[in-house]
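# Analysis of the macromolecular model
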Amino acid sequence: GDSVTQMEGPVTLSEEAFLTINCTYTATGYPSLFWYVQYPGEGLQLLLKATKADDKGSNKGFEATYRKETTSFHLEKGSVQVSDSAVYFCALSVPQNQGGKLIFGQGTELSVKP
Amino acid sequence: DAGITQSPRHKVTETGTPVTLRCHQTENHRYMYWYRQDPGHGLRLIHYSYGVKDTDKGEVSDGYSVSRSKTEDFLLTLESATSSQTSVYFCAISGSNTEAFFGQGTRLTVV
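About the criteria used
Residues numbered from 1 in each chain as written. Chains lettered and ligands numbered in written order. Predicted model: local features only at pLDDT ≥ 70, side-chain atom pairs only at ≥ 80, totals over all residues. Heavy atoms only, no water. Contact = heavy atoms within 4.5 Å. Buried area = accessible area lost by both parts, 1.4 Å probe. Salt bridge = Lys/Arg side-chain N within 4 Å of Asp/Glu carboxyl O. 1 Å grid on protein atoms, 1.4 Å probe; cavity = no way out; pocket = protein on both sides within 12 Å on 5 of 7 lines; lining within 4 Å. Points joined across faces, edges and corners; volume = space filled by probe spheres on them. Helix = DSSP H or I, 4+ residues; strand = E, 2+ residues; numbered from the N terminus. Nonpolar A, V, L, I, M, F, W, Y, C, P; charged D, E, K, R; others polar. Pairing = 2+ DSSP bridges. Axes fitted to C-alpha atoms, helices over the stretch in contact; angles between N-to-C directions. Buried < 20%, exposed > 50% of the residue type's maximum accessible area, 1.4 Å probe, protein only. Core = buried A, V, L, I, M, F, W, Y, C linked by side-chain atoms within 4.5 Å.

### Description of the interface of chain B and chain A
Facing the 23 residues of chain B at the interface are 20 residues of chain A. Both faces combined, the contact of chain B with chain A buries some 1700 Å², and carbon together with sulfur accounts for 52% of it. Counting across the chain B and chain A interface gives one salt bridge. Lys49(A) is paired through a salt bridge with Glu99(B); the nearest N and O atoms lie 4.0 Å apart.

### Here we look at the layout of surface pockets
Regions of empty space are outlined by a rolling probe, equal in size to a water molecule, passed over the atoms. What the largest pocket holds in volume is close to 720 Å³. Around the largest pocket, the lining comprises 33 residues; the ones closest to its centre are Gln38(A), Val87(A), Gln37(B), Pro39(B) and Val88(B). Contributions of two or more residues to the lining of the largest pocket are made by β10 (86-93) and β12 (108-113) of chain A together with β4 (31-38), β9 (87-94) and β11 (106-110) of chain B. When its residues are assigned to classes, the lining of the largest pocket shows ten nonpolar, 17 polar and six charged.

### Description of the sheet that holds strand β1 (residues 4-7) of chain B
All names here are of chain B. Spatially, the four strands line up as an open sheet ordered β1-β3-β8-β7, and their pairing is antiparallel. Bordering the open sheet on either side are β1 and β7 (64-70), each of which pairs with just one other strand. Pairwise comparison of adjacent strand axes, ignoring direction, gives a mean angle of 15° for this sheet. Summarising the sheet, β7 and strand β8 (residues 73-78) pair through five bridges and their orientation is antiparallel. Bridging across to β8, Lys70 finds its partner in Asp73.

### Some remarks on the pattern of salt bridges
Once their charged atoms are close, side chains differing in charge can pair, the charge on each being opposite to the other. Under the definition given, this model contains eight salt bridges over all chains. With a shortest N-O distance of 3.3 Å, Lys52(A) and Asp55(A) are connected by a salt bridge. The closest approach of N and O atoms between Arg36(B) and Asp38(B), which form a salt bridge, is 2.8 Å. Residue classification places Arg36(B) among the buried residues on the basis of a relative accessible area of 9%. Exposure remark for Asp38(B): the relative accessible area of 11% places this residue in the buried category. Here the salt bridges do not stand alone but share partners, grouping Arg22(B), Lys70(B) and Asp73(B) into one network.

### Some thoughts on the nonpolar core
General note: in soluble globular proteins, nonpolar side chains tend to be found buried as a group. If you look at the biggest cluster of nonpolar residues, it comprises 27 residues, and the most contacted ones within it are Trp35(A), Leu48(A), Phe73(A), Leu75(A) and Tyr88(A). Ranked by residues supplied to this core, first place goes to β10(A) with four residues. Residue contacts for Leu48(A): discarding those within four places in its chain leaves Leu33(A), Phe34(A), Trp35(A), Gly57(A), Ser58(A), Asn59(A), Phe62(A), Glu63(A), Ala64(A), Phe73(A) and Leu75(A). Met32(B), Leu76(B), Leu108(B) and Val110(B) belong to the second-largest nonpolar core, a separate cluster that totals 19 residues.

### Observations concerning unusual backbone geometry
A cis amide bond, omega -5°, links Gly9(A) with the succeeding residue Pro10(A). With respect to the helices and strands, the residue Pro10(A) is situated in the loop between β1 (3-6) and β2 (11-14). One non-glycine residue, Lys53(B), lies in the positive phi region at around 65°. For Lys53(B), the position within the fold is in the loop between β5 (42-51) and β6 (54-57).

From the geometry alone we can't say anything about function, so treat these as descriptive.
So, in C-alpha cells, the structure goes:
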C-alpha cells in the first residue's frame, strides 16, 4: 500500500548548520508530496509541496524536489535557525480519482541550538 | 486560517464508554480526515471522507467509526473507549488542490 518513510529523529543541529531530512515514499499512480511542520502544542501547517515529478517546492528557505526515479522528497535548508525547531512531517496525497487519501510519515523532530 | 474547529479540545473519559469527537469546517472542502498522533508513530490515518456519506478506513480504524451526514461535519466515535486510544486526535480538511488544513487537535485521555 501507499506509505511514507522518514529518517528518524531527533536531529540536533547548531544554528546556521545545513539541514537535510530524508523522505521516501511508496505509491501507486502519481501522488502529490508535501512537507508539514508542527510547532509545540499546535496543529500541522503546510511548509511546501510539489505536485509532479521534478517540481521543487520552497518556502521560508526550505526546499524539496520531487524525485520520481528515487521516490524521494528530501527536505533541505542551507542555514537553520533556532526558530526552526519543530517536528517535520513528510506526506503524500493519493490522486483524487484514486480516493484522495493523505498519508504521513512518522515525523522528524528537529532541535536547533544557539 | 482555514475554518476548521475540533471539539472538545480536551476530554477525560472512562474505559468502556462511548466518545464522539467533532470536526466542523466552514470551507466547503470535499475531503475530511481523522488522524491520531502518538509518540514514535507520527500521524496515523483512522478514517477519511471524500463526500457526504462517503467514508473509508485508514490504517488504524479498529475501534473507531465515523459519520458525515453533511459537508461541514465529520464525527469520530470511539465505540467503547480503551486506554490504548489515549492520544491526540487531529482532523484535517482538503479541497481540490490537495493541500490539507489541520485543526488544533483534541487530547483524549481514557482512564
